[in-house]
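Understanding the architecture of this molecule
Single-letter residue listing:
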Amino acid sequence: MRVTMIGTGYVGLVSGACFADFGHEVVCVDKDETKIEKLEAGVMPIYEPGLEALVAENVKAGRLSFSTDLTSVPNADAVFIAVGTPSRRGDGFADLSYVYNASEEIARVLEGYTVVVTKSTVPVGTGTEVEQIIKKTNAGAEFSVVSNPEFLREGAAIQDFKRPDRVVVGAEDDRAIKVMRELYRPLYINETPIVFTNRSTSELIKYAANAFLATKITFINEVADLCEKVGANVQEVAKGIGLDGRIGSKFLHAGPGYGGSCFPKDTLALVRTAQSVNAPARIVETVVEVNDARKKQMADRVIAACGGSIEGKTIGVLGLTFKPNTDDMRDSPAIDIVSALQSAGAKISAYDPAGVEEAKLVLNDVDYVEGPYQALEGADAVVIITEWDEFRALDLERVKSLMKAPIMVDLRNIYRPAEMAEHGFEYSSIGRPA
Ligand code: UGA
């Protein structure tokens, strides 16, 4: 099948490359000329394991190409809209201007029956709006609008695309369903469930999924705080509840609060939509509030570990991105934590394996260093914010010898308290007895 993917951001690029790898003929389109030039030269705009090789293979095989215009649309069986839907400044509703612009531009060049698919995360009703825009712009166009949300995780996106738990398709007619079935036919071999719904349901599934996962994380984070007060261990609580199939063991890692390009934006958008139709989502409202406060509170743990003041002290920071295996800094807890530590008078020396360039755009006056040990040299305390693999087996004796004081605040629970005590660290973590 012939696919045009509008938007070469995270979702568009990964989906485009994976569809091409399934054997479809894909053109990825972006208005950003530099981005397209770089992609044509094999340079990825994001850090995602395996993506560069996947793109290169499919370009070589002639199934994947890049363009700054919409010349591929008239021949496409399906045109995906995968442009950004950021939080609208001021009110938190999803900003749909990029989606609507793309719809209008696609409409002008549609030829023959085409399925227009919204892959971007869009509030309920957006599909209908897209349909109206296309009809208004090109009255004779023969098309269907389908919702097909993505559930990719950064850092594991290719695997998530190729072996998903499910694919959700919101379509209103059989002709569109047939095209979508054909597109995802390569997944039949893995018996991937394809959930067909109407468009509004599909749009809501995406928000409900992210809001539920954000709630699960926030729940376990609050349980972690409770554990600290009563001498319980949150990892064991998570295991104890997670083995119940109704609860499930995933997304129960307590930490500094969720961040990233999706949960913060999508929870807020769900809250706003729910308020606007007078069906307030009070649980999700609370999740948003609790998570925002949590990210800010994390700095207090470092201050407490340092005896109540960090004025003039140096704090070594390991990990800045919102999670490992990405260079994404959007809404990373590190932003709140580092800023709060700086406001409390500390100097920051930080290392991240992939996120430094992005971090420089949002965090100033930080000494960005080349490796984990450099970040600890002369530090009064170290805080682990992101659980990159390379932080899991640090040479603890070396760490201790480099630091001014052996104080470690581990916000991802990657070390065992007993082991840290053996090595003479004053170690604190999340929801576990010292
Ligand atoms: C999330 C969803 O997991 C994807 O299914 C979805 O497609 C994507 O949003 C999206 O809407 O595009 P992502 O933001 O890449 O994916 O990352 P996650 O792995 O879900 O992590 C999100 C945040 O939650 C991170 O800050 C992470 O550290 C935190 N988290 C996750 C925890 O604190 N504890 C956990 O147990 C799991």
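Procedures and definitions
Residues numbered from 1 in each chain as written. Predicted model: local features only at pLDDT ≥ 70, side-chain atom pairs only at ≥ 80, totals over all residues. Heavy atoms only, no water. Helix = DSSP H or I, 4+ residues; strand = E, 2+ residues; numbered from the N terminus. Rg over C-alpha atoms; globule rule 2.2 N^0.38 Å. Buried < 20%, exposed > 50% of the residue type's maximum accessible area, 1.4 Å probe, protein only. Lys, Arg positive; Asp, Glu negative; His and termini not counted. Salt bridge = Lys/Arg side-chain N within 4 Å of Asp/Glu carboxyl O. Polar contact = N/O pair within 3.5 Å; in protein donor to acceptor, adjacent residues only side chain to side chain. Contact = heavy atoms within 4.5 Å. Core = buried A, V, L, I, M, F, W, Y, C linked by side-chain atoms within 4.5 Å. Pairing = 2+ DSSP bridges. Right-handed = clockwise from strand over helix to strand, strands pointing away. Near = heavy atom within 4 Å. Areas by Shrake-Rupley, 256 points an atom, 1.4 Å probe, with all protein chains shown as cover. Axes fitted to C-alpha atoms, helices over the stretch in contact; angles between N-to-C directions. Parallel < 35°, antiparallel > 145°, perpendicular 65-115°, else oblique. Left-handed = near helix turned anticlockwise from the far one by under 90°. Nonpolar A, V, L, I, M, F, W, Y, C, P; charged D, E, K, R; others polar. Domains from an automatic or database assignment. Buried area = accessible area lost by both parts, 1.4 Å probe. Patch = residues over 30% accessible without salt bridge, like charges linked within 9 Å, V, L, I, M, F, W, Y side chains within 5 Å. Charge placed at Lys NZ, Arg CZ, Asp CG, Glu CD. Phe/Tyr/Trp six-rings, centres within 6.5 Å; stacked < 30°, edge-to-face > 60°. Lys NZ or Arg CZ within 6 Å of the ring centre and 35° of its normal.

**Concerning the overall build of the chain**
A tally of helices and strands in the chain yields 16 helices and 14 strands. Taking 22 Å as the expected radius of gyration for a compact globule of 434 residues, we find that the chain reaches 23 Å, a close match to that expectation. Its C-alpha atoms give the chain principal-axis dimensions of roughly 75 × 50 × 45 Å. When the 434 residues of the chain are sorted by exposure, 53% land in the buried category.

**What about the side chain of E48?**
Tracing the sequence through the fold places E48 in the loop between α2 (33–40) and α3 (51–60). No salt bridge is formed by the buried E48; its nearest oppositely charged neighbour, K323, is found at 7.2 Å. There is a polar contact of 2.9 Å between the side chain of E48 and the backbone nitrogen of A157. Filtering out sequence-adjacent residues up to four positions away, E48 remains in contact with Y10, R153, E154, G155, A156, A157, I158 and N325.

**What about the nonpolar core?**
Note on soluble globular proteins: their nonpolar side chains tend to be buried together. Judged by nonpolar contacts, the single largest core of 42 residues is most densely connected at F80, M180 and Y184. Of the residues forming this core, the biggest block, eight residues, is contributed by helix α1 (residues 10–21). Aside from chain neighbours lying at most four places away, what touches F80 is V3, T4, M5, I6, F19, V117, K119, N148, M180 and L183.

**A look at the pairing of strand β1 (residues 2–6)**
In terms of residue burial, β1 counts as a mostly covered element, since four of its five residues are buried. Alignment of β1 against strand β2 (residues 25–29), held across five bridges, turns out to be parallel. By the bridge assignment for β2, V3 is matched with V26. Handedness of the β1-α1-β2 crossover: right-handed. Of the strand pairs in this sheet, β1 and strand β4 (residues 78–81) are connected by four bridges, and their pairing is parallel. When the bridges of β4 are listed, I6 appears paired with I81.

**So, the site of the ligand**
With respect to spatial proximity, 19 residues lie near the ligand, and among them E150, L152, E154, K206 and N210 are the closest. Between the ligand and L152 there is a distance of 2.7 Å, counted from an oxygen atom to a backbone nitrogen or oxygen. At a separation of 2.7 Å, an oxygen atom of the ligand approaches a polar side-chain atom of N210. The protein chains hide 92% of the 710 Å² of surface that the ligand would expose on its own.

**A few points about the packing of helix α11 (residues 282–305) against helix α12 (residues 333–343)**
At a closest axis distance of 8 Å, the pairing of α11 and α12 adopts a crossing angle of 45°. With respect to their mutual orientation, α11 and α12 come out oblique. Between α11 and α12 the crossing geometry is right-handed. Residues K295, K296, M298, A299, V302 and I303 of α11 pack against P333, D336, I337, A340 and L341 of α12. Of the residues assigned to the contact of α11 with α12, the class counts are eight nonpolar, no polar and three charged.

**Describing the domain arrangement of the chain**
When the domains of the chain are assigned, the result is domain 1 (2–197), domain 2 (207–288) and domain 3 (295–428). Between the C-alpha centres of domain 1 and domain 2 there is a distance of 29 Å. Counting from both sides, the interface comprises 13 residues of domain 1 and, opposite them, 10 residues of domain 2. In total, domain 1 and domain 2 occlude about 930 Å² of area from one another, counting both sides; carbon and sulfur atoms represent 59% of this. Summed over the shared surface of domain 1 and domain 2, the number is zero salt bridges. Across the domain 1-domain 2 interface, the total number found is three residue pairs in polar contact (both at pLDDT 80 or more). A breakdown of the residues in the side of domain 1 that touches domain 2 according to their chemical character gives six nonpolar, four polar and three charged.

**Some details on the pairing of β4**
Here β4 shows a buried face lined by A78 and F80 and a second buried face lined by V79 and I81. The sheet contact formed by β4 and strand β5 (residues 114–118) spans four bridges and is parallel. Opposite F80, over in β5, you have V117 as the bridge partner.

**Focus: a negative patch on the surface**
Judged by side-chain charge, D32, E33, E37 and E40 come together as a negatively charged surface patch. Position of E40 among the secondary structure elements: in helix α2. Residue class for E40 comes out exposed when judged on its relative accessible area of 52%.

**Notes on the packing of aromatic side chains**
Applying the stated criterion across every chain yields a total of eight aromatic pairs. For the ring pair F22 and F161, a centre distance of 5.9 Å and an interplane angle of 40° mean the geometry is tilted. Of this pair, F22 sits in the loop between α1 and β2 while F161 sits in helix α6 (residues 157–162), and the two are 139 residues apart along the sequence. Taken together, the ring pairs in this structure connect F19, F22, F80, F161 and Y184 into an aromatic cluster. Above the face of the Y113 ring, R175 is positioned so that its terminal group lies 3.8 Å from the ring centre.

**Some thoughts on the environment of S67**
When you line up the elements, S67 lands in strand β3 (residues 64–67). Take S67: its relative accessible area is 13%, and that puts it in the buried class. Aside from chain neighbours lying at most four places away, what touches S67 is V27, C28, V29, D30 and I36. Within polar-contact distance, the side chain of S67 engages the backbone nitrogen of D69 at 3.0 Å.

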